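So you can see what is in the structure, the chains are spelled out below.
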Amino acid sequence: VTPHDIARDTGARLQEADARGLNATLAWSQPQLDTEAARLDEMQATAPLFGMPVAIKDNIVTTDLPTTCASRILEGYRSPFEATAVERLRAAGAIIACKTNLDEFAMGSSTENSAFGPTCNPSAADRIPGGSSGGSAAAVAAGMVPVSLGSDTGGSIRQPSSHCGVVGLKPTYGRVSRYGLVAFGSSLDQIGPIAYDVRDIGTMLEVLSSPDERDSTCGLRPFVNDPGLYTQGVRGMRIGLPREYFGEGLSAGVRSALDRLIAGLKDAGATTVEVSLPNVGYAVAAYYIICTAEASSNLARYDGVKYGHRTGEDSTLDDLYTATREEGFGAEVKRRIMIGTYVLSSGYYDAYYLKAARVRTLITNDFNKAFASCDVILSPVTPTPAFRIGEKTSDPLQMYLTDIYTVSANLAGIPGISVPCGITEKLPVGAQFMAPQWQEALLLRTGSSAQQLIR
Amino acid sequence: MTAIGRNEVLHVARLAALEVPEAELPQLVEQLQRIVAMVDQLAEVEVAGAPPFQAGPDAAQLRQDALAPEPLAAPPASFAPGFADGFFAVPRHAAMEEE
């Protein structure tokens, strides 16, 4: 099998999924796939990702395919530079297969906020695939590509991975360069891999993680993928179960899938410890202050002058900005910009943003205390399996509350992985493992064991 | 903590360079009221002694303050609508023509 064979096969898979109406891709072409394969003709076949097709979430910039962030305001935009993550994938021999659908500017939990229509869940076409990296998770689940890149600001890799029955890792904040990731919530955003198998997550993380002088938050912590992680098992590991995450609001089907996993991990030699995260009840509130505040600042740059869409209604400069943004942004993006502008406005900054930043410290301290008595924390990823397309679109607050188990890891900057752990209502259910900063190896080790138990 | 009503929503929209069509205003006010009520629950948290969280590794690396070529796939003149003397040129705005 040559990279050219893989490029043709990938094209056939993408075409078949597009024809089926999955709507997971926003841009790809067979000539571009063939060019990718030709690039590998000059490369050693020993490169770590040699010939591996990788789908890229469409908020990560690429020079040879457009980057829209699933927004009308960036329709047709082509970046003049490449994201560091994409550069590293190419250097490691990957074939950039396609750009994938997402909630506009990664703001959402269902991929329904895409200006180009929702992605369907490969397990059930009337269900959401999760979001915001719904296209990237669905592409792996549907067998279009073996791995993809997503981004995770409040659960956007882990939640769609759970709903689609694949594995998704949000690395430690600062592990993977954000250069070329279109900014949403800069203190929370992190690029990470989605794959069918935990081992591929480790291979991808090693390629993606190393310092980048173009992102000053990208630390000096390259990840070394030790093959022993995947056979070590969980014997002797202490798994923390936060009491706040297993109470009210968790559906019976998700709960029983998690209970079966916990029993299996115990049988494999792990011990469980009840832990407490007393401030996580405030995580969703703190998260929606911080991410909207940062989004309102980051999205100020879309004004019709520097990027993408520009209105025809421009009798004054203010009209140009306002009409461009009104025409270009969807309802959820506008809502978040307005909340963010409100919490940062004169007289409210201390009560909202500053308070949320302090609560963030309390939540981080809660995790530090919990990790004193356990190696990893196990929790649900979502309260329920994937809901129906359209079920929550009229109630943004209900949609925000589905992020309840995932936002804390972003607030604390710690890594989290979602691993399939069962099926309920004929839909996949994921389990989330979280670890202290820079301890992704623990997540791959426990995730690998969980994967073996379920399979 | 505070009631957000029609006037506040219109004020925030102006600050954010967004328009709110009149027909959408009542629903948006109701949605924002509920979201603000949800985030208002932070008022009850005691945060004395907790400093604001700082994102990023403790040892963030700052690059040398030196000029380096931009990592562009192609020179700016090849993709910008207008580029001259090291500057991007944007379409002249009608408001400028009148001055």
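Only a predicted model underlies this, so the values are computations on that prediction, with no experimental measurement involved.

**So, the overall build of chain B**
- The number of helices and strands found in chain B is four helices and two strands.
- Of the regular secondary structure in chain B, the N- to C-terminal order runs α-α-α-β-β-α.
- The C-alpha atoms of chain B give 23 Å as radius of gyration, which overshoots the globular expectation for 99 residues (13 Å, by more than 25%).
- In terms of overall dimensions, chain B has C-alpha extents of about 55 × 50 × 25 Å along its principal axes.
- In chain B, buried positions account for 29% of the 99 residues.
- Of the roughly 7000 Å² of accessible surface on chain B, 54% is carried by carbon and sulfur atoms.

**Things to note about the packing of helix α3 (residues 84-91) of chain A against helix α6 (residues 198-208) of chain A**
All names here are of chain A.
- One way to put it is that α3 packs onto α6 with a least axis distance of 9 Å and a crossing angle of 110°. Comparing the axis directions of α3 and α6 gives the class roughly perpendicular. Judged by the twist between their axes, the crossing of α3 over α6 is right-handed. Note on element contacts: α6 touches α3 through Met-204, Val-207 and Leu-208, opposite Ala-85, Arg-88 and Leu-89.
- A breakdown of the residues in the contact of α3 with α6 according to their chemical character gives five nonpolar, no polar and one charged.

**Digging into the pairing of strand β8 (residues 271-275) of chain A**
Residue and element names in this part refer to chain A.
- Pairing geometry for strand β7 (residues 238-242) and β8, over five bridges, is parallel. Residue pairing for β8: Gly-240 is matched across the bridge by Val-273.
- The handedness of the β7 to β8 crossover, carried by helix α7 (residues 252-267), is right-handed.

**Concerning helix α11 (residues 350-370) of chain A**
- Taking 1.5 Å as the rise per residue, α11(A) with 21 residues should run 30 Å; its terminal C-alpha atoms sit 29 Å apart, in good agreement.
- Along α11(A), the sharpest kink reaches roughly 25°, centred on Ala356(A).

Cut-offs used in this document
- Position numbers for residues start from 1 in each chain and track the written sequence from start to end.
- Naming scheme: in the order in which they are written, chains are lettered from A and ligands are numbered from 1.
- This being a predicted model, a pLDDT of at least 70 is required before a residue's local features are given, and a value of 80 or more before pairs of side-chain atoms are given or counted; all residues contribute to the totals for chains, interfaces and linings.
- Excluded from the side-chain calculation are hydrogens and water; included are all heavy atoms of the structure.
- Secondary structure elements are defined from DSSP: runs of H or I of at least 4 residues count as helices, runs of E of at least 2 residues count as strands, and each element is numbered from the N terminus.
- Both definitions apply: the radius of gyration is a C-alpha atom measure, and the globule rule equals 2.2 Å times residues to the power 0.38.
- Burial classes follow relative accessibility: with a 1.4 Å probe on protein chains only, a residue under 20% of its type's maximum area counts as buried, one over 50% as exposed, and anything between as partly exposed.
- The accessible surface values rely on the Shrake-Rupley method and a 1.4 Å probe; as for residues, cover is taken only from the protein chains in view.
- Only the stretch in contact is used when a helix axis is fitted, and all axes are lines through C-alpha atoms; the angle between N-to-C directions ranges over 0 to 180 degrees.
- Working rule for angles: under 35 degrees goes down as roughly parallel, over 145 as roughly antiparallel, 65 to 115 as roughly perpendicular, anything else as oblique.
- Handedness of a helix crossing follows the sense of rotation of the near helix relative to the far helix, less than a right angle counterclockwise being left-handed and clockwise being right-handed.
- What makes two residues a contact is simply this: any of their non-hydrogen atoms within 4.5 Å.
- Asp, Glu, Lys and Arg are counted as charged, while Ala, Val, Leu, Ile, Met, Phe, Trp, Tyr, Cys and Pro are counted as nonpolar; the rest, among them Gly, fall into the polar class.
- Strands pair, by our definition, only if DSSP identifies at least two bridges between them.
- Seen with the strands pointing away from the viewer, any crossover whose path from the first strand over the helix to the second strand runs clockwise is right-handed.
- Expected helix span is given by 1.5 Å per residue-to-residue step, counting one fewer step than there are residues.
- To obtain the bend at a residue, axes are fitted to the seven residues ending there and to the seven starting there, and the angle between these axes is taken.

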